[in-house]
2 protein chains.
Amino acid sequence: MQETVRVAVDAMGGDNAPEQIVKGAVDAVNSKKEIKVILTGKKDQIERELGKYTYPKEQIEIVHAGEVIEMAEPPVKAIRTKKDSSIVVGMNLVKKKEADAFVSAGSTGAVLVGGQLIVGRIKGVERPPLAPLIPTKNGVALLVDCGANVDARPSHLVQFAQMGSIYMEHVIGIKNPRVGIVNIGAEEEKGNALVKETFPLLKQCKDINFIGSVEARDIPAGACDVVVCEAFVGNVILKLYEGVGATLISKVKEGMMTTLRSKIGGWLVKPALKKTLKSFDASQYGGAPLLGLNGLVVKAHGSSKSTEITNSIIQCVQFKQQQINEKMKEKIMAEKTE
Amino acid sequence: MQETVRVAVDAMGGDNAPEQIVKGAVDAVNSKKEIKVILTGKKDQIERELGKYTYPKEQIEIVHAGEVIEMAEPPVKAIRTKKDSSIVVGMNLVKKKEADAFVSAGSTGAVLVGGQLIVGRIKGVERPPLAPLIPTKNGVALLVDCGANVDARPSHLVQFAQMGSIYMEHVIGIKNPRVGIVNIGAEEEKGNALVKETFPLLKQCKDINFIGSVEARDIPAGACDVVVCEAFVGNVILKLYEGVGATLISKVKEGMMTTLRSKIGGWLVKPALKKTLKSFDASQYGGAPLLGLNGLVVKAHGSSKSTEITNSIIQCVQFKQQQINEKMKEKIMAEKTE
């Protein structure tokens, strides 16, 4: 039998907490024997939700936390003062090795700050990046960093490339993943100061498959597997993916409603279209891991429904079983001692 | 009668030159009496293309240029050495006031460099930005800067906001256009160093309607009319718009081809869909003006067909008749002497 993976889950975080979070946890344990979920948050509310479902009781535990960090709270202060919040309690479980991973759909800022302050970085990792999977034409790519560290330095981007490569190879199963740096042209001499400084460092880096510059236009077509950029640009990419997608889909719907002919066509095409577009929906891939921590922290989208929570929990199993953190430790340490 | 606007057009620039460029010029003069087009490039080739069409002869003139700047050439060197290229010859017409504007679908780098070196900046303008219109849900927004100046400073971004506001108000006709700065969160304290420094300057700026931070997610929905950002981010936004759009449309088509039912539906829905999606196609809006020059320079997409060339030429009429450059000069000078 596989080793059990213990995943702490913030039952109070996100727009649909606790209902969808608890449902996601139940679906996860019902789908995999080797998962144990520890729900952190208000005990009475969690119990009420759990009462709606059937699941193996030994696979879900509750650890009470009386406070909730709200979306708008300044993150550093919130993490320091709300010691009994579902986020701080969950992260402390990871710190004390009572959980292997922590999943939250709550405040991004609080999750990022808590990850660094409570869970802590792997020795040698300069900045832990937030690395969501984004859909591409025929698969996925890892976008790293997408919002954890503004004003990054070249050495940070090199570590993002290394950690991202390990993730894509061992969690997603892409052999020798292609690493590209986001740039405004394909040539090596193009770019801003950061990209120009980082490019030769990535070229020298022996343990990644660096393919050079990637223009934003080519990311959705699947030009590379690990998309390296600093957080501001990454955040723009992630959010514009959502924005353009949402506007275009609404345009398609609008187009289908303009004439009687198109209405009938729309009704006929709907089931097939839904299926195809689902593969281009980021929420299918679970949350974004914060890479390079002593333990795994996954940030799920604030608007997560149960499916995304379930997928985020299942993602932790692969991460743990493939010993991703041990692999990252080895790589970062090897680099440092070279 | 309206004053004639003289537009020099690079007949040799872009993937579809000279065929589509010449056709675009012919369509432009056939649609508006007050346009005069001066085609720059190889005379025999241009004459051969012009021979295919009927148009008022006095509205199109050819100025021969024997050289062509290729896409891959280093821009500064190309502009300095190829004095007889269609780009340099066209820009010199603007410099000598023999043309009011210059349109090219050729090398972006050469157009940007030529704009600064040959046409020259309006006194007081620190950096001329490239400012394309991008489609939004129910209209357009101006993206400024989208690739002219990497590693910009806060004072540059303030001028982008001012010049962009004048453009949107007087060329596109949006009263009191809303200016937003691209940021990774809605709060004032969010952002990288550049955004944090620029934010209070935009807030103080009296002659623009600054509405604060705009997240990339909200740009396609039409959150603001003038989208201010530095060129690297702007370039990523412009190209990702294209990339996500193209991939999604191909997914929609794929979805329509999966079953017999969806194929029939697809056939029924196609005409209406095409019409709706056309409004979300950037090429409908012509090229991107380079703002802040002593004359107008418009960069059309390298893959431009005749429609985009026609629209780019027509755009110049509005620019000239509304005296955009005079308005920019006044604003920039007023700011400097305050």
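Overview of the structure. Since we're looking at a predicted model, the values are computed, not measured.

What counts and how
Residues numbered from 1 in each chain as written. Chains lettered and ligands numbered in written order. Predicted model: local features only at pLDDT ≥ 70, side-chain atom pairs only at ≥ 80, totals over all residues. Heavy atoms only, no water. Buried < 20%, exposed > 50% of the residue type's maximum accessible area, 1.4 Å probe, protein only. Helix = DSSP H or I, 4+ residues; strand = E, 2+ residues; numbered from the N terminus. Pairing = 2+ DSSP bridges. Phe/Tyr/Trp six-rings, centres within 6.5 Å; stacked < 30°, edge-to-face > 60°. Lys NZ or Arg CZ within 6 Å of the ring centre and 35° of its normal. Axes fitted to C-alpha atoms, helices over the stretch in contact; angles between N-to-C directions.

**Section: the pairing of strand β7 (residues 178-183) of chain A**
All names here are of chain A. Taking burial as the measure, the 6 residues of β7 include 5 buried ones, the bulk of the element. Bridging between β7 and strand β8 (residues 209-215) involves 6 bridges; their strand directions are parallel. Bridge pairing in β8 links I181 to S213. The pairing of β7 with strand β9 (residues 226-228) spans 3 bridges and is classified as parallel. Bridge pairing in β9 links I181 to V228.

**Considering the packing of aromatic side chains**
Applying the stated criterion to the full structure yields 4 aromatic pairs over all chains. Relative to F319(A), the ring of Y167(A) lies with its centre 6.0 Å away and its plane at 50°, an arrangement referred to as tilted. Pair noted here: Y167(A) is in helix α6 (residues 154-172) and F319(A) is in helix α10 (residues 306-321), with a separation of 152 residues, a long-range link. Exposure remark for Y167(A): the relative accessible area of 0% places this residue in the buried category. Here R261(A) stacks its cationic end above the ring of W267(B), 4.7 Å away from the centre of that ring.

**As for unusual backbone geometry**
Following A17(A), the chain continues to P18(A) via a peptide bond in cis, the omega torsion being -5°. Along the chain, the position of P18(A) falls in the loop between β1 (5-10) and α1 (19-31). That bond from V144(B) to D145(B) is cis: its omega, 15°, falls within 30 degrees of zero. Of note, D145(B) is situated in the loop between β6 (139-144) and α6 (154-172). Backbone geometry places Q323(A), a non-glycine residue, at a positive phi of 50°. For Q323(A), the position within the fold is in the loop between α10 and α11 (324-337). Even without being a glycine, D151(B) presents a positive backbone phi close to 55°. Position of D151(B) relative to the elements: it lies in the loop between β6 and α6.

**Considering the sheet that holds strand β9 (residues 226-228) of chain B**
Residues and elements named next belong to chain B. Pairing is mixed in the open sheet, where 5 strands are placed in the order β5-β6-β9-β7-β8. Edge positions in the open sheet fall to β5 (133-136) and β8 (209-215), since each of these has one partner strand only. The sheet shows a mean angle of 30° between the axes of neighbouring strands, direction not considered.

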